[in-house]
Amino acid sequence: SHHSSNEPAKRKRVMVIGGDGYCGWATALHLSNKNYEVAIVDSLVRRLFDHQLGLDSLTPISSIHTRVRRWKSLTGKTIELYIGDICDFEFLSETFKSFEPDSVVHFGEQRSAPYSMIDRSRAVFTQNNNVIGTLNVLFAMKEFREECHLVKLGTMGEYGTPNIDIEEGYITITHNGRTDTLPYPKQASSFYHLSKVHDSNNIAFTCKAWGIRATDLNQGVVYGVRTDETEMHEELFNRFDYDGVFGTALNRFCVQAAVGHPLTVYGKGGQTRGYLDIRDTVQCVELAIANPAKPGEFRVFNQFTEQFSVNELASLVTKAGKKLGLDVQTTSVPNPRVEAEEHYYNAKHTKLIELGLKPHLLSDSLIDSLLNFTIKYKDRVDTKQIMPSVSWRKIGVKPRTIAT
Ligand code: NAD
Ligand code: USQ
């Protein structure tokens, strides 16, 4: 296709894989609002996990069909929908040929560390789903859309907690008098986090071998729920996980404070991670798409804005709760995971800032509004889902059935 220079620039076409999930839904709406041509690809398997484990989002969420219909009626913008599993290469091929993406944002993986540690079959599912899904995306790009830019969601957890500063993807090392810049060492600590390491290796290799252009976004733990677009209507609300399998640290603590459950600090609580607001997730992805990697380049950005230990998060939520008249207690839960509970942590995160990221830092006012949000929905909380039930040490081959 060709057009003369006075025609308006063609809208960039972005395929959002995993666009029915927490990060993906917020991102799909944000990009559509910013005038990108958006298609969501999702197997809806995440909604199935919830059914199978008896879990539910704190917020009521509409079906994906209702969501995109509501978006169209509010804004006039169309989001195309492809329901299917990216591990099915025939489905993925047809989707690529039909939509012809300029960028693919890949959120579509099993993303819970505890889920991957339930039993052998969930561990195998996680690595199969994530590693094969990403390989299929790479093959589809090579076959049908060579110029396309892959923006892949990775995780800060790929690095683990080394006793030196964490760099963005690569580290320059001098060894026996010779110097090289090498992939930063990976020390992931769940079968889920390991699946991201395997993905990174496969992507790096195809950049080198086939000239694929890719950005690996090593994202920290995401918190929050509201974005400009999901606020527009209750049928656009995002999911908010608080249970022991899919819920993440700060979001869980806010729900726990709202229902009067003591905050569940695992072990000593010195576990430090990078965190970011979901409003920054959507901003970071947009920045990565707008400034694509070059052909053959495997770019790595550390995507978080601030570091906190679990104890620091617990004390922030306790303080914010007090202001709202809540008496927030903390309990030390025997750590169900195998991880360092007291460690050095200093991770670089300058590349997205250099591209123009304006972070929403975790201020008192944000915790207040997140707490108020969770209080509003507290009657929907199933308190039986709060305590962790998956043990890193006890995982076995026997299928775990769900106690009721
Ligand atoms: P989520 O579970 O809410 O969403 C993932 C979506 O992907 C779901 O809608 C699911 O149905 C879909 N999916 C999974 N496998 C698929 C497949 N084979 N084919 C098609 N669709 C598939 O997860 P999220 O919290 O939105 O996370 C999105 C991505 O961001 C993940 O890759 C995750 O590892 C990464 N990430 C998330 C966080 C966080 O705190 N939530 C932090 C860092 C990185
Ligand atoms: N933790 C507690 N109490 C809780 C929940 C968690 O102490 O109630 C601790 C955990 O032991 C861990 C830390 O808090 O040390 C973070 O746990 P989490 O469940 O918030 O996050 P994690 O398992 O690391 O996974 C989440 C997302 C995953 C993403 C990752 C980014 O589910 O998809 O990859 O955050 S990162 O942590 O940077 O690897």
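This report concerns the structure included in the present document. Values in this document were obtained by computation on a predicted structure and should not be read as measured data.

### A closer look at the overall build of the chain
When helices and strands are tallied, the chain shows 12 helices and 14 strands. By the burial criterion, 54% of the 404 residues in the chain qualify as buried. The contacts in the chain between residues at least 6 apart in sequence include a share of 82% that link residues at least 24 apart. For the chain, the exposed surface amounts to about 17,900 Å²; the carbon and sulfur share of it is 51%.

### Remarks on unusual backbone geometry
A positive phi angle, near 65°, is found at Leu44, a position not held by glycine. With respect to the helices, strands and loops of the structure, Leu44 is situated in the loop between β2 (37-42) and α2 (45-53). Even without being a glycine, Glu100 presents a positive backbone phi close to 50°. Relative to the helices and strands, Glu100 resides in the loop between α4 (89-99) and β4 (103-106).

### Things to note about the site of ligand 1
Neighbouring residues of ligand 1: 27 residues in total, closest Asp42, Arg111, Asn129, Tyr192 and Lys196. Contacts to ligand 1 include Val222, whose backbone N or O atom sits 2.9 Å from an oxygen atom. When the free accessible area of ligand 1 is taken as 830 Å², the share hidden by the protein chains comes to 97%. Listed by contribution, the elements that provide at least two residues to the shell around ligand 1 are α1 (22-33), α2, β5 (149-155), α7 (191-210) and β9 (221-223).

### Focus: the site of ligand 2
Close contacts around ligand 2 come from 23 residues, with Thr155, Tyr192, Ala249, Thr264 and Glu339 the closest. Here an oxygen atom of ligand 2 sits 3.1 Å away from a polar atom, N or O, in the side chain of His193. In the environment of ligand 2, an oxygen atom lies 3.0 Å from a nitrogen or oxygen atom belonging to the backbone of Tyr266. Contact with the protein chains removes 95% of the 730 Å² of surface that ligand 2 exposes when unbound. Looking at the shell around ligand 2 residue by residue, the classes come out as 9 nonpolar, 9 polar and 5 charged.

### Here's the deal with the packing of aromatic side chains
Remark: the centre distance and the inter-plane angle together describe each pair of aromatic rings, the angle taken between the planes. This structure, assessed with the given rule, holds 9 aromatic pairs. Aromatic side chains Phe49 and Phe125 sit 5.7 Å apart centroid to centroid with 90° between the ring planes, which places their arrangement in the edge-to-face category. In this pair, Phe49 sits in helix α2 while Phe125 sits in helix α6 (residues 120-144), placing the two residues 76 residues apart along the sequence. On the basis of an interplanar angle of 85° and a centroid distance of 5.4 Å, the ring pair of Tyr159 and Tyr184 is categorised as edge-to-face. Taken as a pair, Tyr159 in the loop between β5 and β6 (170-175) and Tyr184 in the loop between β7 (178-183) and α7 lie far apart in primary sequence, 25 residues in all. Each member of the pair Tyr159 and Tyr184 is classed as buried. Cluster of aromatic residues (ring-pair linked, three or more members): Phe49, Tyr115, Phe125 and Phe246. Over the ring of Trp210 we find Lys142; its NZ or CZ atom is 5.4 Å from the centre of that ring.

### Observations concerning the pattern of salt bridges
Enumeration according to the criterion identifies 27 salt bridges in this entry. As a salt-bridge pair, Glu109 and Lys196 come within 2.8 Å of each other at their nearest N and O atoms. Here the residue Glu109 occupies a position in the loop between β4 and α5 (113-116), and Lys196 occupies one in helix α7, the gap between them amounting to 87 residues. When its relative accessible area of 12% is taken as the criterion, Glu109 is described as buried. Assessed through its relative accessible area of 5%, Lys196 is described here as buried. Between Arg239 and Asp241 there is a salt bridge, with the nearest N and O atoms lying 3.2 Å from each other. Side by side, Arg239 and Asp241 carry an identical accessibility label, which is buried. Among the charged side chains, a network of salt bridges with common partners joins Arg46, Asp50, Arg111, Arg239 and Asp241.

### Description of the environment of Ser363
The topology assignment puts Ser363 in the loop between α11 (351-354) and α12 (364-376). On the basis of relative accessible area, Ser363 is assigned to the partly exposed category, the value being 31%. Residues Ser363 and Leu316, spaced 47 residues apart in sequence, show a C-alpha to C-alpha distance of 9.5 Å. One polar contact links Ser363 to Ser365, side chain to side chain, over a distance of 2.9 Å.

### Quick notes on the sheet that holds β5
Across the sheet, 7 strands lie side by side as β3-β2-β1-β4-β5-β8-β12; this open sheet has parallel pairing. In this open sheet, the two strands that pair with only one neighbour each are β3 (79-83) and β12 (298-303). On average, adjacent strands in this sheet sit at an angle of 20° to one another, irrespective of strand direction. Where β2 and β3 come together, 5 bridges link them in parallel fashion. Residue Asp42 lies in a different strand from β3, and its bridge partner there is Ile83. Contacting β1 (13-17), β2, β3 and β8 (213-219), α1 crosses the sheet at an angle of about 165° to β2. Across the face of the sheet, helix α3 (residues 64-75) comes into contact with β2 and β3 while running at roughly 170° to β3.

Criteria and thresholds
- Residues numbered from 1 in each chain as written.
- Chains lettered and ligands numbered in written order.
- Predicted model: local features only at pLDDT ≥ 70, side-chain atom pairs only at ≥ 80, totals over all residues.
- Heavy atoms only, no water.
- Helix = DSSP H or I, 4+ residues; strand = E, 2+ residues; numbered from the N terminus.
- Buried < 20%, exposed > 50% of the residue type's maximum accessible area, 1.4 Å probe, protein only.
- Contact = heavy atoms within 4.5 Å.
- Areas by Shrake-Rupley, 256 points an atom, 1.4 Å probe, with all protein chains shown as cover.
- Near = heavy atom within 4 Å.
- Polar contact = N/O pair within 3.5 Å; in protein donor to acceptor, adjacent residues only side chain to side chain.
- Nonpolar A, V, L, I, M, F, W, Y, C, P; charged D, E, K, R; others polar.
- Phe/Tyr/Trp six-rings, centres within 6.5 Å; stacked < 30°, edge-to-face > 60°.
- Lys NZ or Arg CZ within 6 Å of the ring centre and 35° of its normal.
- Salt bridge = Lys/Arg side-chain N within 4 Å of Asp/Glu carboxyl O.
- Pairing = 2+ DSSP bridges.
- Axes fitted to C-alpha atoms, helices over the stretch in contact; angles between N-to-C directions.

The values are spatial; any link to function lies outside them.
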